[in-house]
Amino acid sequence: MSGRPVVILGVTGSIGRQTLEVCRHLDVQVAAIAARRPSPELVDAARSVPDAGVVVTGGSRDEREWLSGELTGRDVQFDSGAMIQAAGVPGRLVVNGVVGAAGLRSTLAALEAGNRLALANKESLVVAGGLVMETLRRGNGELIPVDSEHSALFQLVEGQEPRSLILTASGGPFRGWSREQLDEATPEQALRHPTWTMGRRITIDSATLVNKGLEVIEAHHLFGLDLDRIQVVVHPQSIVHSLVELEDGALLAHIGVTDMRVPIQYALTHPERSRTPAPEFSLAGVSMTFEEPDSKAFPALDLAFDACRAGDAATAAYNAADEVAVEAFLAGRLGFTGISAVIATTLEMLGGGSVSTVEEALDVDARARSVAAGLVAGAC
Ligand code: MG
């Protein structure tokens, strides 16, 4: 195990909380934690790691004062630059569990410093995959995926040249629903994910298959494979976390419990393994099924392949449009099928191209957000 001090970005989110648990379990030092805003959850997290620096990137003046009062005597910094700095201190292991494009600069800072980056922030690769992979090569750091599918692929691929990667998708709560039924789907229904417990946006993204689309884009960059060698299969039980197909036709599958603490811990201990706090898994009595994704009912998956072919500017727009549309859906301002419609039109309006700097990536992100917001407003 690396034994390096760990930095947890997005500590109050689902990945961040579970990373704290894994760090306690492994007895590794947490050097710093970061969150977007002051909250009772952040106070709890900070108290559980009394020696860690605390970084908060947003929040109102009142919220900040309240937090300073709760954490008297602690090293608390209110600045998004401090989060990037914390990620860029050499010799650290950075777990990036930030949600959204806000995680990109920290990803780049960690890789530039040659750190190990345990990446749960999908947007880093979706918004600027080319730039991230180039920074990885230049900085000599390590990028270990935390997303369960990519962690599985990372473990399966090691040392082999796969013929194809097969990502599994649970299919979400609306698997088997028709387009007409989906028109009426509510946020409450969409938030009921059958197998994984996750944050709100990713749960909706699982229902639309946008999440799988983002994962296809991630896999394309992480493993350097052409899109025609990446497939998606719906596997409702989420027991097989992904598969690789080798040259001789053999399929290797990664099987285990649906518990994010396992891939989080692997990213920390790689190449070693140790026991995890997750429950044990027994195969007896388990049935597994696999089916093709329904691309008519869930067009967002094909849109991700199209965006990926069009370049990083298009995948950045795909992600930004989705964030805006999901927010509108959760607020009751957009129907469920409106989410993929907003993404499709945003892509049509913005086109593709490459992204070579953070500024370019954030510019595409901002433009896509404004286009998508206009489309949402027009749909009301
Ligand atoms: Mg996943």
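To start, this report covers the structure provided alongside it. (Residues numbered from 1 in each chain as written. Predicted model: local features only at pLDDT ≥ 70, side-chain atom pairs only at ≥ 80, totals over all residues. Heavy atoms only, no water.)

**A look at the overall build of the protein**
Under the convention used in this document: Counting from the N terminus, the helices are the DSSP runs of H or I reaching at least four residues and the strands are the DSSP runs of E reaching at least two. Only protein chains enter the accessibility calculation, which uses a 1.4 Å probe; a residue whose area is less than 20% of its type maximum is buried, one above 50% is exposed, and one in between is partly exposed. Contacts are assigned to residue pairs that have any heavy atoms within 4.5 Å of one another. Here the open area of atoms and residues is found with the Shrake-Rupley method and a 1.4 Å probe, where only the protein chains shown may cover a residue. A residue counts as positive if it is Lys or Arg and as negative if it is Asp or Glu; His and the chain ends are not included. Lys charges are placed at NZ, Arg charges at CZ, Asp charges at CG and Glu charges at CD.
A tally of regular secondary structure across the protein gives 16 helices and 11 strands. The dimensions of the protein, computed from C-alpha atoms along their principal axes, are 55 × 50 × 40 Å. Evaluated residue by residue, the protein yields a buried proportion of 56% over its 380 residues. Across the protein, the fraction of contacts at a sequence separation of at least 24, relative to all contacts at a separation of at least 6, is 67%. Summing over all exposed atoms, the protein offers an accessible surface of approximately 15900 Å²; the carbon and sulfur share of this is 49%. Measuring between centres, the 31 positive side-chain charges of the protein sit 4 Å from its 48 negative side-chain charges.

**Observations regarding the environment of glutamine 18**
For glutamine 18, the position within the fold is in helix H1 (residues 14-26). Each C-alpha atom, one on glutamine 18 and one on aspartate 259, is 9.6 Å from the other, the two residues being 241 residues apart in sequence. Once you skip the residues sitting within four places of it in the chain, glutamine 18 turns out to touch Asp259, Met260, Arg261 and Ile264.

**Here we look at the coordination of the magnesium ion**
Test applied: Note on donors: an N, O or S atom is included if it sits within 2.8 Å of the metal, or within 3.2 Å for Na, K and Ca, and water is never included, so sites can look incomplete.
Protein coordination at the magnesium ion: the donors are Asp147 (OD), Glu149 (OE) and Glu215 (OE), at 2.1 to 2.3 Å from the metal. Judged by relative accessible area, glutamate 215 falls into the buried class, the value being 1%.

**Let's talk about the side chain of aspartate 312**
Counted only if it meets this: Every case where a carboxyl oxygen of Asp or Glu lies within 4 Å of a side-chain nitrogen of Lys or Arg is listed as a salt bridge. Pairs of N or O atoms within 3.5 Å make up the polar contacts considered here, provided that, within protein, one atom can donate a hydrogen while the other can accept it, and that residues adjacent in sequence are counted only when both atoms are side-chain atoms.
Mapped onto the fold, aspartate 312 is located in helix H14 (residues 312-330). Despite its burial, aspartate 312 remains without a salt bridge, the nearest opposite charge being carried by arginine 137 at 9.7 Å. Looking at aspartate 312, its side chain comes within polar contact range of the main-chain nitrogen of glycine 129, at 3.4 Å. At 3.5 Å, the side chain of aspartate 312 and the side chain of histidine 221 are in polar contact. Every residue in contact with aspartate 312, bar those within four places of it in the chain, is listed here: Val126, Val127, Ala128, Gly129, Gly130, His221, Gly353 and Val355.

**Side note on the side chain of aspartate 322**
Tracing the backbone shows aspartate 322 in helix H14. Aspartate 322 sits in the buried class, given a relative accessible area of 0%. One polar contact links aspartate 322 to arginine 201, side chain to side chain, over a distance of 2.8 Å. When residues no more than four places from it in sequence are discounted, the contact partners of aspartate 322 are Arg201, Asp205, Val210, Ile339 and Ile343.

**Things to note about the nonpolar core**
Worth spelling out the cut-off: Buried Ala, Val, Leu, Ile, Met, Phe, Trp, Tyr and Cys residues form a nonpolar core when they are joined through side-chain atoms within 4.5 Å.
Of all hydrophobic cores here, the largest spans 122 residues; its most connected members are Ile33, Leu143, Leu165, Tyr318 and Ile339. Setting aside its immediate chain neighbours within four residues, isoleucine 33 contacts Ile8, Val11, Leu42, Ala45, Ala46, Val49, Gly53, Val54 and Val55.

**Here's the deal with the sheet that holds strand S9 (residues 230-234)**
Worth spelling out the cut-off: Any two strands are treated as partners once DSSP identifies two or more bridges connecting them. To obtain an axis, a line is fitted to C-alpha atoms, over the contacting stretch when the element is a helix, and the angle between two such axes runs from 0 to 180 degrees between their N-to-C directions.
Read from one edge to the other, the open sheet built from four strands follows the order S9-S8-S10-S11, with strand pairing classed as mixed. The strands lining the two open edges of the sheet, one partner per strand, are S9 and strand S11 (251-255). Averaged over all adjacent pairs, the angle separating strand axes in this sheet is 20 degrees, with direction ignored. Pairing of strand S8 (residues 164-169) with strand S10 (residues 240-245) involves four bridges; the strand directions are antiparallel. When the sheet's bridge partners are listed, leucine 165 is paired in S10 with valine 244. Each of S8 and S9 is contacted by helix H11 (residues 210-223), which is oriented at about 155 degrees to S8, the strand it contacts most.

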